[in-house]
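Chain by chain, the residues:
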Protein chains: 2
Amino acid sequence: MGGLTAVSATDQERMGRMLLGQWCEAGDRSLGARVRARGVEYVVAEILAGRSPLPATTGIAGRVAAGTTYDDAVQRWIEPALAQAERIGARYVVPGDPEWPSQLDDLHDAAPLGLWVTGAGHLRLLALRSLSVVGARSATAYGEAIARELGAHLAECGWLTVSGGAFGIDAAAHRGALAASGATACVLAGGVDVPYPRSHADLLARIRESGVLVSESPLGGAAMRHRFLTRNRLIAALSRGTVLVEAAVRSGGRSTVREAAALNRVVMAFPGPVTSPMSAGCHAVIREDTAQLVASPREVLALVEGRLLLEDQGPATQADALGWREQRVLDAVPARRPAPLANIARLAGLGLAEAMAALGILDALGLVRRAGEGWARSGA
Amino acid sequence: MGGLTAVSATDQERMGRMLLGQWCEAGDRSLGARVRARGVEYVVAEILAGRSPLPATTGIAGRVAAGTTYDDAVQRWIEPALAQAERIGARYVVPGDPEWPSQLDDLHDAAPLGLWVTGAGHLRLLALRSLSVVGARSATAYGEAIARELGAHLAECGWLTVSGGAFGIDAAAHRGALAASGATACVLAGGVDVPYPRSHADLLARIRESGVLVSESPLGGAAMRHRFLTRNRLIAALSRGTVLVEAAVRSGGRSTVREAAALNRVVMAFPGPVTSPMSAGCHAVIREDTAQLVASPREVLALVEGRLLLEDQGPATQADALGWREQRVLDAVPARRPAPLANIARLAGLGLAEAMAALGILDALGLVRRAGEGWARSGA
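So, a few notes on the structure that sits alongside this text. (Residues numbered from 1 in each chain as written. Chains lettered and ligands numbered in written order. Predicted model: local features only at pLDDT ≥ 70, side-chain atom pairs only at ≥ 80, totals over all residues.)

### Quick notes on the relation of the copies chain B and chain A
Superposing chain B onto chain A requires a rotation of 180° together with a translation of 0.1 Å along the rotation axis, leaving an RMSD of 0.2 Å. Here the transformation between the copies is reduced to the relation of a two-fold axis. Both copies share a contact surface, since 100% of the interface residues of chain B are interface residues in chain A too. (Least-squares fit on C-alpha atoms with pLDDT ≥ 70 in both. Contact = placed C-beta atoms within 7 Å.)

Written out as structure tokens, the structure reads:
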């Protein structure tokens, strides 16, 4: 416990969010509003003191017994989580962290307290150019072909495919991105260490290799039914736009599309045969003007890139979004042949550790690659 | 020729339009504007006198030789047309006639001078509740099935299906209406006595039995390529709305849709598989917001009837549009068992000929039917 009393303020905040994330149901607005008004540490303290004004719907009441001390809480909730995180190589990303995707702040009180992330990708940088591809689990061959092509096209154009790892459209989109050697992000309803659906364990493992698995559910959290709907708001908020590929009239995909529209993201849907119930949800969102009709992956990107140009806000490419350290390190990597780390660090005017961290980010972005003992530009 | 010098003013106007219709290309705006400004008889006279200011593009110059007298013109153009009209049972309908569909006036200077009509239907009354169903000649089985179902559904709901008699979508829409014992109108690019395409001669004959064949081209006029585009404006203007079922990106169907949109008609399109080039034109008009997406015949009618309610202008049903004679005759036809013509005429306070003419219109509208020696309400 010794190390934990010496944590920095930032770590206090991080641990507080980790606690609240285990005590409360994700996306609870009353909790989000209280955290925003009073700060994480205050909200944790008032819960432990048994004087939290939060409603029962947050789920806290049943989880935190009266008289629980902060040290008890650390022992019971933080230590097991950190141990499991270390076992599986997960990190807990919170607002203010370099990897925090700041577009999630658009969710206001419903923003996640923090995200559990695994995988080689850098969530914030990948998400800058990302599109969500969503749709029916019971997709048709038509829909799966579209999702696969879309994932592949996005990958080829340097865009991240975000989806939910489910059967049908989700899996086809992830697989399309992976087949084109692109990064893809899977936002899970349960913990990032709980492969769901189980038969997608291999797919999720492949996603981790170049992309990320993301969840606001605690490690070990089960993929419960109600978590899918709250998860959908993260899929919508993480990306620049959402594409509905196939959906029945009543479907989770339509809920993601509604969230994306409410967040002013670019919302698109693929039409299909009017004889297919799996296209009826797509036709409905086009008809009600929630989504724009798209008929090809090229059109999808044209709409999203058109919006980026129009808005002229935020970085339009990953390179635009690099911090000054990453930019200096990128400039220091020779254009033609690989250079050793020491040379790059010296040229960038940085320490070895700093240069190495920056190279890691640039690597995750696909801008540099390891080459023998040194580093090279990706194209070189 | 004696009879022709004694024609009424109305007949002078009718013959003048018949002449201009043979001298000029259909839809010529400079001619339409001149006719509107000066009147038909004046425009005919100035053409015969060789002092017409109309541009060469109207086609007059090559057709009316200098020194042609009005009597020459009657002999050369009117008499053969009237003789052929009598042979094939065609009528020439002009603005002001009871059968003139006044919505064509929306075309302003491009409105047709007159329409050649054959068939048992009453063009104006049928067109009050009409929809155009258009699309590709090289339609797929998917598109033809939609067009057929749509034609049948419109017929079942008492709506006229308007189309162009072509292969593919047009024919499927006509056939769907006929299969449901409904009326359908075919707007031809050539003369109403020139079956085009030839292999549709039987289909056109069936359309005549309950509906109408319509054309602004002179009798005997060939279905020339440029006439299809000008014909499309009539299809768009005649009906309350236009439905595009299948179309390539460049297609005549899209031109009809553009005309319909320019005329503020309800414009709709059926989506299809994004893998089908025959749906690409539909997706394009939905995407560019020229057309609303529809996925079923029921939706098509809901949109059009919704617009009628919103506009609250013009008769929404055929019965609303009946003249006072037809209304009185309809009231005089007993609800339960057939009655002889004489009884109906007496009850309506009309002469036998007037009552018979009104019954003809009511019959064409499907409101009454012949029953043995007398007449009955259709439902009876």
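Once you've had a look at it, read on.
### Looking at the pairing of strand S6 (residues 212-215) of chain A
Residue and element names in this part refer to chain A. The two faces of S6 match: Val212 and Val214 on one face and Leu213 and Ser215 on the other face are all buried. Note: strand S2 (residues 115-118) against S6, 3 bridges, orientation antiparallel. Paired with Thr118 across the two strands is Leu213, which belongs to S6. (Buried ≥ 20, exposed ≤ 12 C-beta atoms within 10 Å, placed from the backbone. Helix = DSSP H or I, 4+ residues; strand = E, 2+ residues; numbered from the N terminus. Pairing = 2+ DSSP bridges.)

### Section: helix H11 (residues 252-262) of chain A
All names here are of chain A. Looking at H11, one finds that the buried residues are Gly252, Gly253, Arg254, Thr256, Val257, Glu259 and Ala260. For H11, the secondary structure elements touched by its buried residues are strand S3 (130-134), helix H10 (225-238), strand S7 (241-244), strand S8 (266-269) and helix H12 (277-287). The positive-phi residue at the C-terminal boundary of H11 is Asn264, with phi of around 60°.

### Comments concerning unusual backbone geometry
Between Tyr196 of chain A and Pro197 of chain A the backbone carries a cis peptide bond, its omega angle lying at -5°. Mapped onto the secondary structure, Pro197 of chain A falls in the loop between strand S5 (184-187) and helix H9 (201-210). In the Ramachandran plot, His108 of chain A falls in the positive-phi region, its phi being about 50° despite a non-glycine side chain. For His108 of chain A, the position within the fold is in the loop between strand S1 (91-93) and S2. Although it is not a glycine, Asp289 of chain B sits at a positive phi angle of roughly 70°. Within the secondary structure, Asp289 of chain B sits in the loop between helix H12 (277-287) and strand S9 (292-293). The exposure class of Asp289 of chain B is exposed, given the 12 C-beta atoms found within 10 Å.

### Re the sheet that holds strand S3 (residues 130-134) of chain B
Residue and element names in this part refer to chain B. Read from one edge of the open sheet, 9 strands run S1-S2-S6-S5-S4-S3-S7-S8-S9, paired in mixed fashion. The open sheet terminates on both sides in strands that have one partner only, identified here as strand S1 (91-93) and S9. Helix-sheet contacts for helix H8 (residues 169-179) involve S3, strand S4 (160-163) and strand S5 (184-187), and the interaxial angle to S4 is about 160°. Of the strands in this sheet, S3, strand S7 (241-244) and strand S8 (266-269) are in contact with helix H11 (residues 252-262), which crosses S7 at around 150°. (Axes fitted to C-alpha atoms, helices over the stretch in contact; angles between N-to-C directions.)

### Thoughts on the interface of chain B and chain A
Across the boundary between the two partners, chain B contributes 15 residues, which contact 15 residues of chain A. Elements with a minimum of two residues in the side of chain B that touches chain A: helix H7 (141-156), H12 and S9 of chain B. It is H12 of chain B that contributes the most residues to the side of chain B that touches chain A, 4 residues altogether. Class assignment for the residues of the side of chain B that touches chain A results in 10 nonpolar, 4 polar and 1 charged. (Nonpolar A, V, L, I, M, F, W, Y, C, P; charged D, E, K, R; others polar.)

### Focus on the environment of Leu341 of chain B
Residue and element names in this part refer to chain B. Tracing the backbone shows Leu341 in helix H15 (residues 341-348). Of the residues examined, Leu341 has 15 C-beta atoms within 10 Å and is grouped as partly exposed. Separated by 15 residues in the primary sequence, Leu341 and Met356 place their C-alpha atoms 7.2 Å from one another.

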